[in-house]
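Given next are the chains, with one letter for each unit.
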Amino acid sequence: MSSDDLFECSPADKLVKELYGLPGSGKTQLCLQLSVNVQLPEWLGGLEGGCLFIDCERTFILERVKQIITGTQHHLQKFPQNSARMNDFTMEKFLSRIQVCRCLEVVQLLALAHSMNELIEQKNIRLIIIDSLAFPFRCAFDDLNQRSRALNQLSYLLQAAAERWKLAVVVTNQMTTRIKQGSQVVPALGDLWAHTPQVRIGLSKTATHRLAKLVKSPVEDENEVPFCITEDGIRDVQL
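Calculation criteria
- Residues numbered from 1 in each chain as written.
- Predicted model: local features only at pLDDT ≥ 70, side-chain atom pairs only at ≥ 80, totals over all residues.
- Heavy atoms only, no water.
- Helix = DSSP H or I, 4+ residues; strand = E, 2+ residues; numbered from the N terminus.
- Buried < 20%, exposed > 50% of the residue type's maximum accessible area, 1.4 Å probe, protein only.
- Contact = heavy atoms within 4.5 Å.
- Areas by Shrake-Rupley, 256 points an atom, 1.4 Å probe, with all protein chains shown as cover.
- Lys, Arg positive; Asp, Glu negative; His and termini not counted.
- Charge placed at Lys NZ, Arg CZ, Asp CG, Glu CD.
- Phe/Tyr/Trp six-rings, centres within 6.5 Å; stacked < 30°, edge-to-face > 60°.
- Lys NZ or Arg CZ within 6 Å of the ring centre and 35° of its normal.
- Salt bridge = Lys/Arg side-chain N within 4 Å of Asp/Glu carboxyl O.
- Pairing = 2+ DSSP bridges.
- Axes fitted to C-alpha atoms, helices over the stretch in contact; angles between N-to-C directions.
- Parallel < 35°, antiparallel > 145°, perpendicular 65-115°, else oblique.
- Left-handed = near helix turned anticlockwise from the far one by under 90°.
- Nonpolar A, V, L, I, M, F, W, Y, C, P; charged D, E, K, R; others polar.

1. Thoughts on the overall build of the protein chain
Piece 1. In terms of regular secondary structure, the protein chain is built from nine helices and eleven strands.
Piece 2. If one aligns the C-alpha atoms of the protein chain with their principal axes, the spans along those axes are about 55 × 45 × 35 Å.
Piece 3. Across the 239 residues in the protein chain, those meeting the buried criterion constitute 49%.
Piece 4. Here the contacts in the protein chain between residues at least 6 apart in sequence split such that 67% fall between residues at least 24 apart.
Piece 5. With the model as given, the accessible surface of the protein chain reaches about 12,100 Å², and the carbon-plus-sulfur share is 48%.
Piece 6. Of the side chains in the protein chain, 26 bear a positive and 27 a negative charge, and the two mean positions are spaced by 3 Å.

Listed below in structure tokens is the structure:
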């Protein structure tokens, strides 16, 4: 299995996919790459549509996205069948198909989730990314019951959008320490949220590359794939 296979976003699945890991494990870099990949032709693993990138942690860096787009353009030029369509893959057109909304607070995030159907339809959105979901939720509530209700509401809206519009949803999550029979580092937002994403991928970092481990999926067995972060974007690693 390649990183392309593991991170592929298929609207037919209508699943919520979670990427979790410590800082530096590659969560945001993968999201930026996916915001570009979703625009590619289907035969190259894309969905020929736009991306709604919900930035909850000021992680969307325009210059980095431009680097990834340039790397993608170089890759597309390797395929003669794309020559007639290269006008569809200019820097301006790539950027125009990424709709960035910054939501630093839970109330902003829920308001967007309630109102995003019109944007999805108008911009042919085929992928929704939330990076990172944990950031607005971790400090917003003193009452855990209120947080649970808000998470449930958001989960419902994301799943409903995926099913209604046949699109993919990718959410990143931070890590936290659980003190229970010893100290353990686990994905944030608790056990209630853990049941929401149908696919969970844990990311980690070694001295030479990153690792993506598929830990939960309704259709695939557990698997681990190495990848690296280059100037051109996410690339496979041959070990």
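We are not done yet, so read on.
2. Overview of the packing of aromatic side chains
Piece 1. Counted under the stated rule, the structure contains two aromatic pairs.
Piece 2. Aromatic pair Phe53 and Phe60: ring centres 5.0 Å apart, planes at 65 degrees, arrangement edge-to-face.
Piece 3. Owing to a relative accessible area of 14%, Phe60 belongs among the buried residues under this scheme.
Piece 4. One Lys or Arg, Arg97, reaches over the ring of Phe94 and ends 5.7 Å from the middle of that ring.

3. As for the pattern of salt bridges
Piece 1. Tallying each qualifying case throughout the model produces four salt bridges.
Piece 2. The shortest N-O distance in the salt bridge between Glu18 and Arg200 comes to 2.4 Å. Here Glu18 is found in strand S1 (residues 16–21), whereas its partner Arg200 is found in strand S8 (residues 199–205), with 182 residues between them in sequence. The two residues Glu18 and Arg200 agree in class, both being buried.
Piece 3. Its salt-bridge partner being Arg178, residue Asp191 comes within 3.1 Å of it at the nearest N-O pair.

4. Considerations on the sheet that holds strand S3 (residues 98–102)
One key point about sheets: their strands pair by backbone hydrogen bonds, in either a parallel or an antiparallel sense.
Piece 1. Strands sit in the order S3-S2-S4-S5-S1-S8-S9-S10-S11 across an open sheet of nine strands; the sheet is mixed. On the outer flanks of this sheet lie S3 and strand S11 (233–236), each paired with one strand and no other. The sheet shows a mean angle of 25 degrees between the axes of neighbouring strands, taken without regard to direction.
Piece 2. Each of S3, strand S10 (223–230) and S11 touches helix H3 (residues 62–76); the most contacted strand, S11, lies at about 45 degrees to it.

5. A short note on the pairing of strand S4 (residues 125–131)
Piece 1. With seven of its seven residues buried, S4 lies for the most part within the structure.
Piece 2. Bridging between strand S2 (residues 50–55) and S4 involves six bridges; their strand directions are parallel. Looking across to S4, one finds that Ile54 is bridged to Ile130.
Piece 3. Direction of pairing for S4 relative to strand S5 (residues 168–173): parallel, over a ladder of four bridges. Its bridge partner being in S5, Ile129 is matched across the sheet by Val170.

6. A closer look at the packing of helix H2 (residues 27–37) against H3
Piece 1. It is at 10 Å that the axes of H2 and H3 come closest, and there the two elements cross at 50 degrees. As summarised for this structure, H2 and H3 are arranged oblique, according to the angle between their axes. In this structure, the crossing between H2 and H3 has a hand that is right-handed. Contacts between H2 and H3 pair Gln29, Leu32, Gln33 and Val36 from the former with Arg64, Val65, Ile68, Ile69 and Thr72 from the latter.
Piece 2. Grouping the amino acids of the contact of H2 with H3 by side-chain chemistry returns five nonpolar, three polar and one charged.

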